[in-house]
Amino acid sequence: MDTFEALESRRSVKKFDPAHQLTEGEITRLMEAVILSPTAFNIQNWRFLVITDQEVKDGFRAVGWGQAQFADCSAIVLVCGDRQAYARETERYWANVAPEVRSVLVEKIHGYYGANPEARRDENLRSGGMAAMAVMVAARALGYDTCPMSGFDFQKAAELVNLPADHDIVMAVAVGKPLEAARVRGGQLPLAEVCFRDTF
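Residues numbered from 1 in each chain as written. Predicted model: local features only at pLDDT ≥ 70, side-chain atom pairs only at ≥ 80, totals over all residues. Heavy atoms only, no water.

Q: Explain the overall build of the protein residue by residue, including any values.
A: Helix and strand counts for the protein stand at 8 helices and 4 strands. Dimensions of the protein along its principal axes, counting C-alpha atoms only, are 55 × 45 × 30 Å. Classification of the 200 residues of the protein by burial places 38% in the buried group. If you take every contact in the protein between residues at least 6 apart in sequence, the share linking residues at least 24 apart comes to 78%. (Helix = DSSP H or I, 4+ residues; strand = E, 2+ residues; numbered from the N terminus. Buried < 20%, exposed > 50% of the residue type's maximum accessible area, 1.4 Å probe, protein only. Contact = heavy atoms within 4.5 Å.)

Q: Break down a nonpolar patch on the surface for me, citing the residues and quoting the values.
A: The grouping of Leu189, Leu191 and Val194 at the surface amounts to a nonpolar patch, some 310 Å² of accessible area in total. Structurally, leucine 189 is set in the loop between strand E4 (167–176) and helix H8 (191–194). (Patch = residues over 30% accessible without salt bridge, like charges linked within 9 Å, V, L, I, M, F, W, Y side chains within 5 Å. Areas by Shrake-Rupley, 256 points an atom, 1.4 Å probe, with all protein chains shown as cover. Salt bridge = Lys/Arg side-chain N within 4 Å of Asp/Glu carboxyl O.)

Q: Just give me the short version of helix H3 (residues 54–63), but keep the residues and values in it.
A: Helical geometry: 3.6 residues make up each α-helical turn, so side chains three or four residues apart lie on a common side. Looking at H3, one finds that the buried residues are Lys57, Gly59, Phe60 and Val63. Taken around the axis of H3, the buried residues stretch over an arc of 155°, which confines them to a single face. In H3, the exposed positions angled more than 90 degrees off the buried face are occupied by Glu55 and Ala62. Where the residues of H3 are buried, they touch strand E1 (46–51), helix H4 (68–72), strand E2 (75–82) and helix H7 (154–160). (Arc of directions from axis to C-beta.)

Q: Explain the side chain of glutamine 69 to me, and be specific about the residues and the numbers.
A: Summarising the element assignment, glutamine 69 is placed in helix H4. On the accessibility criterion, glutamine 69 (6% relative accessible area) is buried. The contacts of glutamine 69, once residues within four sequence positions are left out, are Val13, Lys14, Phe16, Cys147, Met149 and Ala174.

This is the structure we're talking about:
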């Protein structure tokens with residue numbers, strides 16, 4: 001699917017076919033595309049939990065105030081961030097550059113994130129947001145629909161999936177085969193109202 005077509009046809013679907021399953025090949029194709037999402041300093045701090053087990057999906061419905069998308073979708077992609085990613089064998093992130101360049105970059109990464117816990121959390125949200133959009137566009141390109149979701153108890157969800165203490169949940173994205181088309185767009189603001197040039 002053309003990129004513009006995928007973006008234009010991407011909608012938040014509320015009703016998924018609970019009988020449909022993604023193949024392992026589709027999940028792999030989806031996530032291989034998603035991990036091409038950008039991250040600052042290439043620290044690749046996003047972490048993804050792909051949930052297909054019905055019991056866990058039902059658990060998300062329970063902590064998500066009964067929203068059926070959680071239980072009925074083919075997969076939940078829980079987009080998270082690792083606050084310690086910057087320090088996990090940092091050299092790996094720049095394995096393909098000259099050693100002297102890698103050394104400078106590693107020093108900068110440790111210097112910035114090591115002294116700045118707020119930046120580590122903020123970076124998780126930024127990187128996770130971009131990755132979540134990649135999930136939605138890539139799923140659409142594969143012929144599936146999605147629903148980005150933050151309407152759930154993050155703490156209970158973290159307990160449900162044994163989220164490591166140094167990770168943050170960014171959002172969940174339900175992926176699946178729709179049972180019905182998305183409703184008409186609620187109302188799109190005109191481009192001129194939201195897009196400016198050079199200064200506000």
